[in-house]
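Here is how the chains run, residue by residue.
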Amino acid sequence: MGEVTIEVKAPGEGEPDSLAVPFPTGSGPFSNGARELDGLLAGRLQRLADTGELKGELGTTVVLHTDGELNARRVVVAGVGKRDEVDADTLRTAAAAVAHRVADVGGTLGWGLDPSLPLSLEEQARAIVEGTMLGSYSPARWKTQEQPEARVEKIVLYTTDPDGLAESASRIAGVGKWVNLARDLANSPPNELTPAALATRAAELAGPRLEVEALDPGQIDELGMGALSAVGRASSNGPRLIVLRYEPARATRKELVLGLVGKAITFDAGGISLKPALKMQDMKGDMAGGAAVIAAMAAVAELELPVRIVAVVAAAENLVSGDSFRPGDILRAANGKTIEITNTDAEGRLVLADALWYARREGATHLLDLATLTGAMELALGDFYAGLFANEEDWLQEVLAAAKTSGDHAWPFPLHPRYRRYVDSSFADLKNSSDLRQGSPVLAAEFLREFSGEGPWAHIDMAGPGFLERSRGDYLTQRGGTGYGVRLIVELAQRLSR
Ligand code: BES
Ligand code: MN
Ligand code: ZN
């Protein structure tokens, strides 16, 4: 799905190809909107409810074809579950179900907003636009025989109270486009999306206020980034440090520079500590954190948010060759600390170590890194929440709040000095993994903390929600990249520009 236009209209205006309405479960009375619609449809909704064909369960849709009673040719009644349990994710899910249902007709999709739902009209508009856009995404762009779907080109939000909705919903549609770009990047095969290719994709996003550059292996070595350099060394597709700088015309908080750091392992074979073959193909998505950072920078620049941002994406391919780094190697990171390698598959923390240092060097006052870092994070939280770590309470709360409203959910996890022993090494300043099978997401976060410099830093381990093995059963119905982090970053940037 490409660009979508958004309009806001009064009920009855215009001629949408389809008109969707939210419909909760329960025997309670219809909401005003549904009652009015039922009146226009000569009681057909009520009869369907009576016969049990229309229950309103979340994710279900019932389609009625009209015959001149309405200005829409079809009505899609979208189940949203229990009325008082309706939240933004519910509406995103319902909107995605509707998008699937109208995929063969496309065109203009109307959506009736419902003031009786426990969400503001703006929140409803936002969720519907996001659900439609993310729910219509297809990961099948590498199929030669892909059936082009008739796509939704326009979403018309119907409400009697349109104040400011068109603008905010259009902004959301803008962000949705970048979320889907991050998904394309994560789904791109690793033979196509090498570190250099990712740098090229980032460079294409440059604009008057968004500067993009990429440091090559020579420059990475010159800066003393021994960790990133070692991880990327085995591949003939050498590493890149992709740097994006966004300078707004006017920043609300001049002293603040948001530093975004993304893990972009374009393929993680594990290196000498080779991964098992099963599902190794999903490790093409090990650059999802970096993809989110890149796509979010484009979104922020497009929205012209008044906040200064520097983004650093560490791109490398973790392969096996005669020139691989090895378990036992001791590396020197750019901040001068030495790292004993105990597992070459714990490569994400290594590339992030140098990227965090670089972001501070570029003036970042507040850091946030995003990474598909540990399998154990996915074991702990599944595909829905990411784990969030931070070295400062205020910054944790700020990121947490952004996560919550954005729909990119995150749950706080602890850091504690007592965990430091997990990364103590007998030979070097620290080691990159432990043979204790304990708290590996926390261990990784403690490792990163050593490279986060002075000032607030937060870390999001998005191994679960970043790349899906299968449909999540909500609005993310496709296997593969989810664009996790794009909405979160945009929301955070928005908060920092107030
Ligand atoms: N990219 C993986 C983590 C991962 C696993 C993300 C599964 C998404 C799904 C990371 O580089 C890795 O291999 N981590 C290891 C670390 C271990 C060797 C200390 C892990 O979590 O098993
Ligand atoms: Mn790994
Ligand atoms: Zn990895």
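This text gives an overview of the structure that appears in the document.

## Some thoughts on the packing of aromatic side chains
Step number 1: All told, the structure shown has 7 aromatic pairs when counted by the stated rule.
Step number 2: Aromatic pair F447 and F451: ring centres 5.2 Å apart, planes at 35°, arrangement tilted. Take F447 and F451: they sit in the same class, and that class is buried.
Step number 3: Taken together, F384, Y385 and W411 form an aromatic cluster joined through their ring pairs.
Step number 4: When the ring centre of Y475 is taken as reference, the NZ or CZ atom of R472 above it lies at 5.8 Å.

## As for the coordination of the manganese ion (ligand 2)
Step number 1: Protein coordination at the manganese ion (ligand 2) comes from D268 (OD), D345 (O), D345 (OD) and E347 (OE), with a distance range of 2.1 to 2.2 Å.
Step number 2: If you look at the manganese ion (ligand 2), its 6 donor atoms make angles of 71 to 168° with each other, and the shape they trace is irregular.
Step number 3: In the primary sequence, the donor residues of the manganese ion (ligand 2) line up as D-x76-D-x1-E.
Step number 4: Between the manganese ion (ligand 2) and the zinc ion (ligand 3) the interatomic distance amounts to 3.1 Å, and D268 serves as a bridging ligand to the pair. Pair noted here: D268 is in strand β9 (residues 257–268) and D345 is in the loop between β12 (338–340) and α10 (348–361), with a separation of 77 residues, a long-range link.
Step number 5: Residue class for D345 comes out partly exposed when judged on its relative accessible area of 22%.

## Observations regarding unusual backbone geometry
Phi is mostly negative for residues that are not glycine, and the peptide bonds are mostly trans.
Step number 1: If you check the backbone angles, A42 has positive phi at about 55° while not being a glycine.
Step number 2: Since its relative accessible area comes to 54%, A42 is described here as exposed.
Step number 3: A positive phi angle, near 65°, is found at K279, a position not held by glycine.
Step number 4: Within the fold, K279 resides in the loop between β9 and α9 (288–303).

## Some remarks on the site of ligand 1
Step number 1: With respect to spatial proximity, 17 residues lie near ligand 1, and among them K275, D286, D345, E347 and G375 are the closest.
Step number 2: Between ligand 1 and the protein, one listed contact pairs an oxygen atom with a side-chain N or O atom of E347 at 2.8 Å.
Step number 3: Considered on its own, ligand 1 offers 520 Å² of accessible surface; in the complex 79% of this is hidden by protein.
Step number 4: Those elements that provide at least two residues to the shell around ligand 1 are β9 and α11 (375–381).

## Concerning a nonpolar patch on the surface
Step number 1: Among the surface-exposed residues, I272, L274 and V320 lie close enough to one another that they form a single nonpolar patch of about 270 Å² accessible area.
Step number 2: Within the element layout of this structure, I272 appears in the loop between β9 and α9.

Parameters at a glance
- Residues numbered from 1 in each chain as written.
- Chains lettered and ligands numbered in written order.
- Predicted model: local features only at pLDDT ≥ 70, side-chain atom pairs only at ≥ 80, totals over all residues.
- Heavy atoms only, no water.
- Phe/Tyr/Trp six-rings, centres within 6.5 Å; stacked < 30°, edge-to-face > 60°.
- Buried < 20%, exposed > 50% of the residue type's maximum accessible area, 1.4 Å probe, protein only.
- Lys NZ or Arg CZ within 6 Å of the ring centre and 35° of its normal.
- Donors = N, O, S within 2.8 Å, 3.2 Å for Na, K, Ca; no water.
- Tetrahedral: all angles 85-135°; square planar, octahedral: opposite > 155°, others 65-115°.
- Helix = DSSP H or I, 4+ residues; strand = E, 2+ residues; numbered from the N terminus.
- Near = heavy atom within 4 Å.
- Polar contact = N/O pair within 3.5 Å; in protein donor to acceptor, adjacent residues only side chain to side chain.
- Areas by Shrake-Rupley, 256 points an atom, 1.4 Å probe, with all protein chains shown as cover.
- Patch = residues over 30% accessible without salt bridge, like charges linked within 9 Å, V, L, I, M, F, W, Y side chains within 5 Å.
- Salt bridge = Lys/Arg side-chain N within 4 Å of Asp/Glu carboxyl O.

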